[in-house]
Structure formats: structure tokens, C-alpha cells
Amino acid sequence: MTSPIVDIEVECPACGERFVTWHRGSVNLSLGEKWTKKELDEVQFANCPRCNGRFEKDLLIAAFDPSL
């Protein structure tokens, strides 16, 4: 099951800025939902509004089809 979106507070590892972003803990591609590469990138990474640093959020992406 793909988890719902929640707001989380994060700290940028580059500059220490704390900010709120959204997070989705898991994405299950086997459910047949159509996710673009750009959408998966937005789920997986956060961008710091202060220094524009980009860092990865914890995320589980599941796919039972090896062709994905």
C-alpha cells in the first residue's frame, strides 16, 4: 500500500536549516499506480529553501515487477 502524505520537519545536512516538507513513507508500484520519474524523485528527495541543498528522505519503494 502506498502511504499517505504527512508533513515532517527536517534539518538540512548542509547548512542546518530546519524546515517543514511533505513525506510519503512508502510507494508500492505493484498497485498499478502510474508514477513518473519526476514524481518519484519528489517523493524521495527534499530541497533546502535556504541553500538549495538536496538530500534523500527515508522511503520504501516496492515493485514486484522486475521490469520497473
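That block above? That's the structure.
Colleague: Any chance you could explain the overall build of the protein chain here in plain terms?
Modeller: Helix and strand counts for the protein chain come out as one helix and six strands. Listed N to C, the secondary structure of the protein chain is β-β-β-α-β-β-β in terms of helices and strands. Look at the contacts in the protein chain between residues 6 or more apart in sequence, and 46% of them connect residues 24 or more apart. About 4900 Å² of surface is accessible on the protein chain, with carbon and sulfur atoms providing 51% of the total.

Colleague: Sorry, what's going on with the pattern of salt bridges here?
Modeller: Any two side chains of opposite charge can pair, given that their charged atoms come close. Taken as a whole and assessed by the stated rule, the structure comprises four salt bridges. Taking the shortest distance from any N to any O, the salt bridge between Glu11 and Arg18 comes out at 3.1 Å. Where Arg50 meets Glu17, a salt bridge forms, and the shortest distance between an N and an O atom there is 3.7 Å. Taken together, the residues Arg50 in the loop between β4 (45-47) and β5 (54-56) and Glu17 in the loop between β1 (5-11) and β2 (18-24) connect sequence positions 33 residues apart. Because the salt bridges share partners, they merge into one network encompassing Glu9, Glu11 and Arg18.

Colleague: Explanation requested: the pairing of β2 in the structure shown.
Modeller: In the sheet, β1 pairs with β2 via seven bridges, with the strands oriented antiparallel. Paired with Ile5 across the bridge in β2 is Arg24.

Colleague: In this structure, what is going on with the side chain of Asn28? I would like to understand it.
Modeller: Positionally, Asn28 belongs in strand β3 (residues 26-28). A distance of 2.9 Å separates the side chain of Asn28 from the backbone nitrogen of Ser30, its partner in a polar contact.

Basis of the calculations
- Residues numbered from 1 in each chain as written.
- Predicted model: local features only at pLDDT ≥ 70, side-chain atom pairs only at ≥ 80, totals over all residues.
- Heavy atoms only, no water.
- Helix = DSSP H or I, 4+ residues; strand = E, 2+ residues; numbered from the N terminus.
- Contact = heavy atoms within 4.5 Å.
- Areas by Shrake-Rupley, 256 points an atom, 1.4 Å probe, with all protein chains shown as cover.
- Salt bridge = Lys/Arg side-chain N within 4 Å of Asp/Glu carboxyl O.
- Pairing = 2+ DSSP bridges.
- Polar contact = N/O pair within 3.5 Å; in protein donor to acceptor, adjacent residues only side chain to side chain.

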